[in-house]
Each structure stands twice: as C-alpha cells, then as structure tokens.
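What follows is each chain in one-letter form.
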Amino acid sequence: MAPRLDFLDWWSKDTGKGTPVVVTMENPNYSVVEINGPDAAFMPVEKSRGKNAKQVTWVLLLKAHRAVGCVAWLATLLWALLGAIKKRLIFRQGVSMASEKMVKGKLLFTVIKLFLVTSLAILAFEVVAYFKGWHYFRNHPNLHIPRTSIEIQGLFHMVYVAWLTFRADYIAPTIQLLSKFCIVLFLIQSVDRMVLCLGCFWIKYKKIKPRIEGGDPFKSDDVERSAYEYPMVLVQIPMCNEREVYEQSISAVCQLDWPRDRILIQVLDDSNDESIQWLIKGEVTKWNQKGINIIYRHRLIRTGYKAGNLKSAMGCDYVKDYEFVAIFDADFQPNPDFLKTAVPHFKDNPQLGLVQARWAFVNKDENLLTRLQNINLCFHFEVEQQVNGVFLNFFGFNGTAGVWRIKALEESGGWLERTTVEDMDIAVRAHLNGWKFIFLNDVKVLCEVPESYEAYRKQQHRWHSGPMQLFRLCLPAIITSKIAIWKKANLILLFFLLRKLILPFYSFTLFCIILPLTMFVPEAELPVWVICYVPVFMSFLNILPSPKSFPFIVPYLLFENTMSVTKFNAMVSGLFQLGSSYEWVVTKKSGRSSESDLLAVAERETKTINQPQVYRGASESELSELNQLKELKEATPAPKKKSNKIYRKELTLAFLLLTASVRSLLASQGVHFYFLLFQGVTFLLVGLDLIGEQMS
C-alpha cells in the first residue's frame, strides 16, 4: 500500500472549523436550515424539512469563498517573495554595483549543486513511481520489493526496483553510519552546553565574583588604600578606515577617569584613505589641545593586520615605562570608571595576566539579525567566558575591552602575525606560560554588532577559520608544555576540537546534508528527537542569558543551521590552510548610539567642561590645520551604497531542502516536512540577503 497524500482530509478539517452559520432564504416559504458543517445540507433531515437547491448553492458558495481566500493569501505571499527576488536579481534596488571578488569555496558549492541535481532527478523518478503505485519500503511489514519477473511491470518498473535494491543495500548503510557519528557528536556537544549552563547557575546561586586582593582601593575610606598609587596604563585604539565610529571611540577613551600623568592613549590608525586619516588626526589634535596625553600613529605598510599594528605600537621605546595596556577596538566606548574597576584586580596578584570585560550592544534591537547575534554573544559572555574564567582561570581573549599586564604579553612572545585571531593566539600562549585570567561579567563596554548579513558573514568566517589555523600551529606547543594534563585536555578536546571544529561540522552535515538525503533514502530516517526535541532544548539553553529574546527561539534555531554553511566552510579553509583562511576584512560599522549612551556621553562632557582643564598652546599653523580638517569633515561626501549580494551556496541549499520537503510529502512525514520547509525558506531568505540592513 502506497502512502497517501491526505489533501482531502486536510481540506475537510479546515472547512469544518468555525462557528455555525444560519442561512435565511429570501422567500419565506423556504425553511431555515442550521448548517453545522460543510456537509450538513446533505445529511438526512426530517421529512417536514426537505432539501432544496438554494441550500446546496449557499454551501458551495461558502466553500468557494474559503478556497478563494486561501489561494489569495498564498498568491500574496508568493508575489511578495517574487518581488524581493526581482529587486535582488534585476533592479538591484537602484544602487551602484560593487566589484565582486572571486567566489571562494568552489568545491563545497560544487558538492551542494551535485546533491541538488541528484535530488531533483530522484524526486521526478519518485513522483512518477508514486502515481503508478510503485512505492515500496524495504522494512515495512506488509510490503516487499518485487523480485520475480512476474511482478515486474515493464522496463521503467524494473529500473525503479533496481534503484530500491541499490538504495537499501548500499546507500542507506553509509548514510546511517554517518548520521550515527554526527548524532554522537551532537550529543557530546549538547552535554558540554548543559555542563556550562549548570556552572553558570552555580555561579549565580553562590554569587561567585572575582575578588580584589586586599579590597578595592577606590571603594574604601581607609587612609592606606586611599593612598593607592596609580600604575602607568597604556591605552591602545587600533582602527582601519573607521569613518563612522572613530570620533565617539576616541571621545570615550579620552574621558577615562585616571590621572593624566599616569595614562597614554595611542590611536593606531591603519587607514589607507587619506581623508579618514586627516579626520582622525584632527580628533586626536582636538583632545591633545584639551590636555589629554594622546598620540597618533600610522603605519605606511599594513602588514599583519591588527596583530601587526599592535606589535608595531608595543615596539615603541616609551612602552617600557608602562605596566598595563588596555585595548579597545574602534567601535568600543568604555565607561569613565573602566580602569578603576579592572586594574585593581592586578594588585597583589602577580600571576594575573588578563582582565576581560563583557560587551554590551547599542544596536541589539536594530533588526532581526542583530537580535539573533545578541542571543549568541550573551551566551558566550554570560556562560562560556564566565564559567571558564571562574573554574579554569582561562578563556579566549576577545581582542578588545580587556587589560593586559605588559609583562605577560612579553613573556608569552608578544603579538604574532601568523593567524587572523591574534587575540586567541596570545591567550593560548599566555595560558601555556602559567598566566591566569579574570572575566568581569558586571563590567560592560558598549559596542556594535554587524547590521548587515555581508558584514556578519565575513566576521564569522574570520572567527571560525582563525581558530583552526591556530590549532595546527599550537598543537605541538600544547603537547610539550609543562601545564597539567587536564589543562592540555581542556585546550585540545574542548576549547579547540569540540567548540571550534565539531560544532560547525555536525551542524552542517546533519541538518543540511544528511536530513535531506534521508527523504530520498527512507531506510536511513533520522529520529524525531534529533530533528526537533534536542535542538529546541539546546536553543532554549542558549536563550536563557537573554530571556527577552525568547520569542525568537525558532528563528534563532533556523538561522544557526543556516550559518553552519559559512562556519563549516571557514573551518575547512582554516584547517587545511586554504587561501580564504588568511582573509581579513574589517567589520563594517554604522556608528549607532543608544539613547542611554547619548545621555552618558552628554553627562561626561558636562563634567569635563566643569572641571579645570589644562590647555596647551597652539601655533597659527596648528589652528589653520584644525580649520582645514573641520572643512574637510563637513565636505566629505556620504559613502555610496552598493547592492546586496546573492549567496549561491545558501540559495542552492534552499532549493535542496525545499526539494526534500516535497519528497517528504510522499512519505507523509510531518515533523520532517515542516522542518525542511521552514529551514529551506530560511536559507532562501538568507541567500537573497533579505535579513539585516543594506550594506553601504
């Protein structure tokens, strides 16, 4: 018996809903009939209440009205989707085209296209077989695959039976073996996620927080503590073509509450746009005139990207006079008391090498993409960083919003240009040298998350290819280091393999490749708990640190599976040292500020104005230069917008998943069908770049 497409049953269920309808005829000679269902007019009635033609007509009209409404809704949805596709492919939204780079990841794209073409051919084959009644399942108790010549109904039937036999004997075992392997990895990663969440709950329950040895010198009335000697602090702001955010970042750092003779601010500009260089120079000059100890540095040759920039700055002769260095990326805006909350943790704690603060996002509610990023990053800081900091004294440095002991940097080899994740590189080397880290979950530094999918995609590619590069380079050093064996196991098995390699591997392989294949090979069907229950539970754990994001649990789950394509491709390129693994693209910022952020800036500027300032004299040439910079800033044209991209791998996977969802209808698989349908639509939206803001 072949599985049925129960469209008639669905129609009957839908049309049976609603409130009873009373139909009154115009002619009073006709009786009033109460219709409780679509077939009420055809049910046996009393002899005194006979059927008539007008009653049947009204029922048919009601059915037609519901059908037209459903078709109109589907047509509207389809028309909107086609309109979006038209804008992307034809009109390109009326903005100028940008030069596209060579498409990378051609091998992965070719494999996905091969899967799509094969699935379309098999789907056409299966549809013909379905309508001919040749749907057989190998392990079904009442069905069998025809073996004798009498049962074969022709050449096409013979080919179909041969396909069933080959599928059951050769393809299904391979898919089952791979799916079991991925399910084991999935469960291991889920256990790790649960352990991290339990650790976070324990920290909250016990109210565990990093303590300052000897007490906080800035929160005590004791005379000895009040005489705390401020250490020398170097503050670095690395940036590259940061037109949108340089001003607010420099302003925030220049208003840090720290003695001016004990702090030096380095603006490390790698911009290759001369107009941006002049703007940043003007901002530095403005604060220098206010008595702030700030200098501007620009490299003529931008080698090593951010790592090379920081390495060059640390090579200055005056750095030896400073004990600590604080690093802030160009879009970060620390509060004035940042140094007073972070630096005292180093007091009487000579083994402490790093104090890391948490990020807070000014644009987390800007669009759906920023909301989904906020879920991921909140879990990263609240759970992963905090738990590892409390129980292991180690975590990956986030590259910004942190304070390093300069001695720890120097003894660990300093900044190296060998990977695109220089922050993780120095953190691993410092850990191997015995330095401890502290994470301050209560100290937040404002910053931005990417608002466009293109910027977010490039950021994620760097964040997932770099760790695999680093793993290849650091593995010998980890094995031969003198740290404890359990610390080596944590670095290799958990920090690198499980969270950086296994996660993107099983996510892409299980949900984007194996699941669609099982629709065409029903002998290797995935259980429902793998597709539905466990992923939903894991997504629920991810959302716990940001409970306001609970309504976005389903989009979050679907979007994370969609991003697995980019993460898997980046992981492979980093692991095998492909060309794209060394690609560094500065994440595009918009320069947004929240309302509370603007109020805080206004309050800081008011305090600065009321306090006595030390102004340095300016020559006529300097004043003339400032006026020229002001005119240049006002005359600088707004950057031109460029069209959003079309992401071919995501689009191809969208059609693959939608094809698999159509095939699942033939097998009447409910949960599988809905998952494939919604996941395919998500891939389609992402592939057409319909999520996030337009790039500029």
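Fair warning: this is a prediction, and the values are worked out from it, not measured in the lab.

Basis of the calculations
Residues numbered from 1 in each chain as written. Predicted model: local features only at pLDDT ≥ 70, side-chain atom pairs only at ≥ 80, totals over all residues. Heavy atoms only, no water. UniProt positions renumbered as here; feature names shortened; annotations may be inferred. Helix = DSSP H or I, 4+ residues; strand = E, 2+ residues; numbered from the N terminus. Axes fitted to C-alpha atoms, helices over the stretch in contact; angles between N-to-C directions. Parallel < 35°, antiparallel > 145°, perpendicular 65-115°, else oblique. Left-handed = near helix turned anticlockwise from the far one by under 90°. Contact = heavy atoms within 4.5 Å. Nonpolar A, V, L, I, M, F, W, Y, C, P; charged D, E, K, R; others polar. 1 Å grid on protein atoms, 1.4 Å probe; cavity = no way out; pocket = protein on both sides within 12 Å on 5 of 7 lines; lining within 4 Å. Points joined across faces, edges and corners; volume = space filled by probe spheres on them. Phe/Tyr/Trp six-rings, centres within 6.5 Å; stacked < 30°, edge-to-face > 60°. Buried < 20%, exposed > 50% of the residue type's maximum accessible area, 1.4 Å probe, protein only. Expected span 1.5 Å × (residues − 1). Core = buried A, V, L, I, M, F, W, Y, C linked by side-chain atoms within 4.5 Å. Domains from an automatic or database assignment. Patch = residues over 30% accessible without salt bridge, like charges linked within 9 Å, V, L, I, M, F, W, Y side chains within 5 Å. Areas by Shrake-Rupley, 256 points an atom, 1.4 Å probe, with all protein chains shown as cover. Salt bridge = Lys/Arg side-chain N within 4 Å of Asp/Glu carboxyl O. Pairing = 2+ DSSP bridges. Bend = angle between axes of the 7 residues up to and from the residue. pLDDT = per-residue confidence, 0-100.

S.K.: Is there a simple way to think about the UniProt feature "transmembrane region" (unreviewed entry) in the chain in this case?
M.R.: Under the present numbering, the feature "transmembrane region" (unreviewed entry) in UniProt falls on residues 64-85, 106-131, 183-203, 491-520, 526-544 and 673-691. Within the segment residues 106-131, helix and strand shares are 100% and 0% respectively, and the terminal C-alpha atoms sit 38 Å apart. For residues 673-691, the helix share is 79%, the strand share is 0%, and the end-to-end C-alpha distance is 24 Å.

S.K.: Looking at this structure, I do not really get the packing of helix α10 (residues 368-392) against helix α13 (residues 453-480). What am I missing?
M.R.: Packed helices, taken two at a time, are described by their axes: the angle between them and the distance between them. Where α10 meets α13, the closest approach of the two axes is 11 Å, and the angle between their N-to-C directions is 25°. By the criterion of interaxial angle, the relationship of α10 to α13 is roughly parallel. The handedness of the crossing between α10 and α13 comes out as left-handed. On α13, the residues touching L369, Q373, N376 and L377 of α10 are Y453, Y456, Q459 and W463. The residue inventory of the contact of α10 with α13, partitioned by class, reads five nonpolar, three polar and no charged.

S.K.: Just checking my understanding: could you explain empty space enclosed by the protein for this structure?
M.R.: Any empty space left between atoms is shown by rolling a water-sized probe over those atoms. One pass over the full model with this rule turns up two cavities of 30 Å³ or more. Among the residues forming the lining of the second largest cavity, the class breakdown is one nonpolar, one polar and three charged.

S.K.: Before we go on, may I ask you to explain the packing of aromatic side chains in this structure?
M.R.: Each pair of aromatic rings is reported with the distance of its centres and the angle of its planes. The final tally for this structure, using the stated rule, is 27 aromatic pairs. Residues F181 and F505 carry aromatic rings whose centres are separated by 6.4 Å and whose planes lie at 70° to one another, so their mutual orientation is edge-to-face. Note that F181 is positioned in helix α4 (residues 155-206) and F505 in helix α14 (residues 485-520), a separation of 324 residues in sequence. With a relative accessible area of 45%, F181 lands in the partly exposed category. Since its relative accessible area comes to 23%, F505 is described here as partly exposed.

S.K.: How do you make sense of helix α3 (residues 106-131) when you look at a structure like this?
M.R.: Think of an α-helix as 3.6 residues a turn; residues three or four steps apart then line up on the same face. Taking 1.5 Å per residue as the helical rise, α3 with its 26 residues ought to reach 38 Å, and the 38 Å between its terminal C-alpha atoms agrees with that figure. The secondary structure elements touched by the buried residues of α3 are α4, α14, α16 (553-575) and α19 (648-666).

S.K.: Please explain the packing of α14 against α19 as it appears in this structure.
M.R.: The geometry of α14 relative to α19 is characterised by a closest axis approach of 8 Å and an angle of 40° between their N-to-C directions. Helix-helix and strand crossings are classified by hand; for α14 and α19 the assignment is left-handed. Residues F508, F511, C512, P516, M519 and F520 of α14 form the contact with α19, whose own contacting residues are L653, L656, L657, T659, A660, R663 and S664. A per-class count over the contact of α14 with α19 returns ten nonpolar, two polar and one charged.

S.K.: Can you walk me through the nonpolar core in this structure?
M.R.: Side chains of nonpolar character tend, in soluble globular proteins, to be buried together. Counting residues in each nonpolar core, the largest one holds 86 residues, and the members touching the most others are I250, F338 and W404. A per-element tally of this core places strand β9 (residues 436-447) first, with seven residues. Per-domain counts for this core show at least three residues from each of domain 1 (104-208 + 455-591 + 644-695) and domain 2 (233-449). Residues in contact with F338, not counting those within four places in the same chain, are L256, F328, A357, A401, G402, V403, V443 and V445. In terms of nonpolar packing, the next biggest core, distinct from the first, is built from 59 residues, F125, W163, L185 and L541 among them.

S.K.: How should I be thinking about a nonpolar patch on the surface in this particular structure?
M.R.: Taken together, M194, L198, F201, F537, F540, L544 and F550 make up a surface patch of nonpolar side chains, about 650 Å² in accessible area. Listing elements by their share of the nonpolar patch, those giving two or more residues are α4 and α15 (528-543). For the nonpolar patch, the element with the most residues is α4, which contributes three residues. Mapping F537 onto the fold places it in helix α15. Classification of F537 by relative accessible area gives partly exposed; the value is 38%.

S.K.: Just checking my understanding: could you explain the pattern of salt bridges for this structure?
M.R.: Between side chains of opposite charge, a pair can form as their charged atoms come close. The tally for this structure, following the rule as stated, stands at 21 salt bridges. In this structure, E422 engages K306 in a salt bridge whose closest nitrogen and oxygen atoms are separated by 4.0 Å. Residue E422 is located in helix α12 (residues 422-432), and its partner K306 is located in helix α8 (residues 305-314); the two are separated by 116 residues in the primary sequence. Each member of the pair, E422 together with K306, is buried. Sharing partners across several salt bridges, the network here consists of K204, R358 and E382.

S.K.: Could you clarify how one ought to interpret the sheet that holds strand β3 (residues 233-239) in this entry?
M.R.: Within a beta sheet, neighbouring strands are joined by backbone hydrogen bonds and run either parallel or antiparallel to one another. Reading across the sheet, the seven strands line up as β5-β4-β3-β6-β8-β7-β9 and stay open at both edges, with mixed pairing between neighbours. Here the strands that pair on one side only, and so sit at the sheet edges, are β5 (294-298) and β9. With strand direction ignored, the average angle separating the axes of adjacent strands in the sheet is 20°. Note: strand β7 (residues 352-361) against β9, nine bridges, orientation parallel. Bridged to F361 within β9 is C447.

S.K.: I'm lost on α4 in this one. Help?
M.R.: Compared with the 76 Å implied by 1.5 Å per residue over 52 residues, the 73 Å span of α4 between its first and last C-alpha is a close match. The largest bend in α4 is about 40°, located at R167. Following α4 by one or two positions, K207 adopts a phi angle in the positive range, close to 55°.

S.K.: Looking at this model, I keep getting lost on the confidence of the model for the chain. Mind explaining?
M.R.: Residues shown with low pLDDT carry predicted positions that ought not to be read at fine detail. Mean pLDDT for the chain: 80, with 75% of residues reaching 70 or above. Looking at the elements of the chain, mean pLDDT is at its lowest for helix α1 (residues 7-15), recorded as 42, and at its highest for strand β8 (residues 402-405), recorded as 98. Within the model, the stretch residues 21-38 combines pLDDT values under 50 with 29 contacts to residues more than four positions away or in other chains. Ignoring residues within four places in sequence, the model shows residues 91-104, a span with pLDDT below 50, making 27 contacts including any to other chains.

S.K.: Explain the pairing of β5 here, please?
M.R.: Across a regular strand the side chains alternate sides, sitting on one face of the sheet and then on the other. Inspection of the sheet shows strand β4 (residues 263-269) paired to β5 by five bridges, in the parallel sense. Residue Q266 lies in a different strand from β5, and its bridge partner there is I295.

S.K.: I keep staring at unusual backbone geometry and nothing clicks. Help me out?
M.R.: It is generally the case that most residues other than glycine have a negative phi and that most peptide bonds are trans. Backbone geometry places Y305, a non-glycine residue, at a positive phi of 55°. Relative to the assigned elements, Y305 resides in helix α8. Although it is not a glycine, D348 sits at a positive phi angle of roughly 55°. Here D348 shows up in the loop between α9 (338-342) and β7. A relative accessible area of 56% places D348 in the exposed class.

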